Amino acid sequence: MWEMDYESAANHWILKDKESVHMEKAALEEKIESFIKGHNTCALATASSEMVRNTPIEYNYVDGDFYFFSEGGLKFKGLKENKNVGLAIFESYGGFGQLKSLQVEGIAGMVEPFSDEYLKIMEHKKIPVDVMKKLPEPMNLIKVVATSYDYLDSDLKKDGFGSRQHMEVAR
């Protein structure tokens, strides 16, 4: 009877990464920043012991952190129990030679409504304070601080690098 080797499959990219040609950190940071700023929507994955939720959502990238305004939804069940989240930002699939995506692992937290940080993100999005204050409840603001990035770009091979680049974030 066949049995899946989950451990081997999970370690695939970790082992491949050891043999890969890595970019200098500054150059990789620049590529990642450019990719993030070139998009505005991601899939935000949250999980609790009972469920997993993956929400397509617009993000705001400000001072190296991701922010999400949200009225609510099941993602908050996961956020209450588990602050570890994943984000995926990606281009439409165009074939193996045209892959381009970014996976982000991070820690989520909630920003207090109308705090200085909340107002800063409202200003970034050009949301007037009086409009937000007229809502029955202010929008929830989720903040994600990245802990690692996995950048996949088939074009990196042209420059002699591995197509997948991993970067841990130290803060």
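This text goes with the structure placed above it.
Visitor: Now, about the pairing of strand E7 (residues 140-153): what can you tell me, with residues and values included?
Guide: Pairing analysis gives 5 bridges linking strand E4 (residues 65-70) to E7, with the strands arranged antiparallel. Following the sheet pairing, Phe69 is matched in E7 by Leu141. Summarising the sheet, strand E6 (residues 100-111) and E7 pair through 12 bridges and their orientation is antiparallel. Note on E7: the bridge partner recorded for Val104 is Tyr149. Taken together, the 5 bridges between E7 and strand E8 (residues 164-168) define a ladder with antiparallel strand orientation. If you follow Leu152 over to E8, its bridge partner there is Arg164.

Visitor: Give me the packing of aromatic side chains: which residues, what numbers.
Guide: If you walk through the whole model with that rule in mind, you get 5 aromatic pairs. Between the aromatic rings of Phe35 and Tyr151, the centroid separation amounts to 5.8 Å while the plane-to-plane angle is 65°, which identifies the pairing as edge-to-face. A residue pair is termed long-range when its members are at least 10 positions apart, and Phe35 in helix H3 (residues 25-37) and Tyr151 in strand E7 qualify at 116 residues. Here a set of aromatic residues connected by ring pairs shows up, and it is made of Tyr59, Tyr61 and Phe66.

Visitor: An account of a nonpolar patch on the surface is requested, with residue identities and associated values reported.
Guide: On the surface, Trp2, Met4 and Tyr6 cluster together to form a nonpolar patch covering roughly 440 Å² of accessible area. Tracing the backbone shows Met4 in the segment before helix H1 (6-10). Given the relative accessible area of 33%, Met4 is considered partly exposed.

Visitor: I'd like a rundown of the pattern of salt bridges, residues and numbers included.
Guide: On inspection of all chains with the given rule, the structure shows 10 salt bridges. Among the ionic pairs, Asp63 bridges to Lys120, the shortest N-O distance being 2.3 Å. Here Asp63, found in the loop between strand E3 (60-62) and E4, pairs with Lys120, found in helix H5 (residues 116-125); they are 57 residues apart in sequence, far enough to count as distant. Judged by relative accessible area, which is 60%, Asp63 ranks as exposed. When its relative accessible area of 41% is taken as the criterion, Lys120 is described as partly exposed. Note that Arg164 is salt-bridged to Asp150, the shortest N-O span being 2.6 Å. In this pair, Arg164 sits in strand E8 while Asp150 sits in strand E7, placing the two residues 14 residues apart along the sequence. As far as burial versus exposure is concerned, Arg164 and Asp150 are alike and both buried. Several salt bridges converge on common partners, so that one network encompasses Asp17, Asp150 and Arg164.

Visitor: Outline the nonpolar core, listing residues and values.
Guide: Judged by nonpolar contacts, the single largest core of 27 residues is most densely connected at Ile36, Phe66, Phe68, Leu102 and Tyr149. Residue assignment for this core shows that the elements contributing at least two residues are H3, strand E1 (41-47), E4, helix H4 (75-81), strand E5 (84-90), E6 and E7. Beyond its immediate chain neighbours, meaning those up to four positions away, Phe66 contacts Ile36, Tyr59, Asn60, Tyr61, Leu87, Ile89, Val104, Ile142, Lys143, Val144 and Tyr149. One finds Tyr67, Phe69, Tyr118 and Leu141 within the second-largest nonpolar core, a separate group that totals 9 residues.

Calculation notes
Residues numbered from 1 in each chain as written. Predicted model: local features only at pLDDT ≥ 70, side-chain atom pairs only at ≥ 80, totals over all residues. Heavy atoms only, no water. Pairing = 2+ DSSP bridges. Helix = DSSP H or I, 4+ residues; strand = E, 2+ residues; numbered from the N terminus. Phe/Tyr/Trp six-rings, centres within 6.5 Å; stacked < 30°, edge-to-face > 60°. Patch = residues over 30% accessible without salt bridge, like charges linked within 9 Å, V, L, I, M, F, W, Y side chains within 5 Å. Areas by Shrake-Rupley, 256 points an atom, 1.4 Å probe, with all protein chains shown as cover. Salt bridge = Lys/Arg side-chain N within 4 Å of Asp/Glu carboxyl O. Buried < 20%, exposed > 50% of the residue type's maximum accessible area, 1.4 Å probe, protein only. Core = buried A, V, L, I, M, F, W, Y, C linked by side-chain atoms within 4.5 Å. Contact = heavy atoms within 4.5 Å.

Remember, this is a structural readout, not a statement about activity or role.
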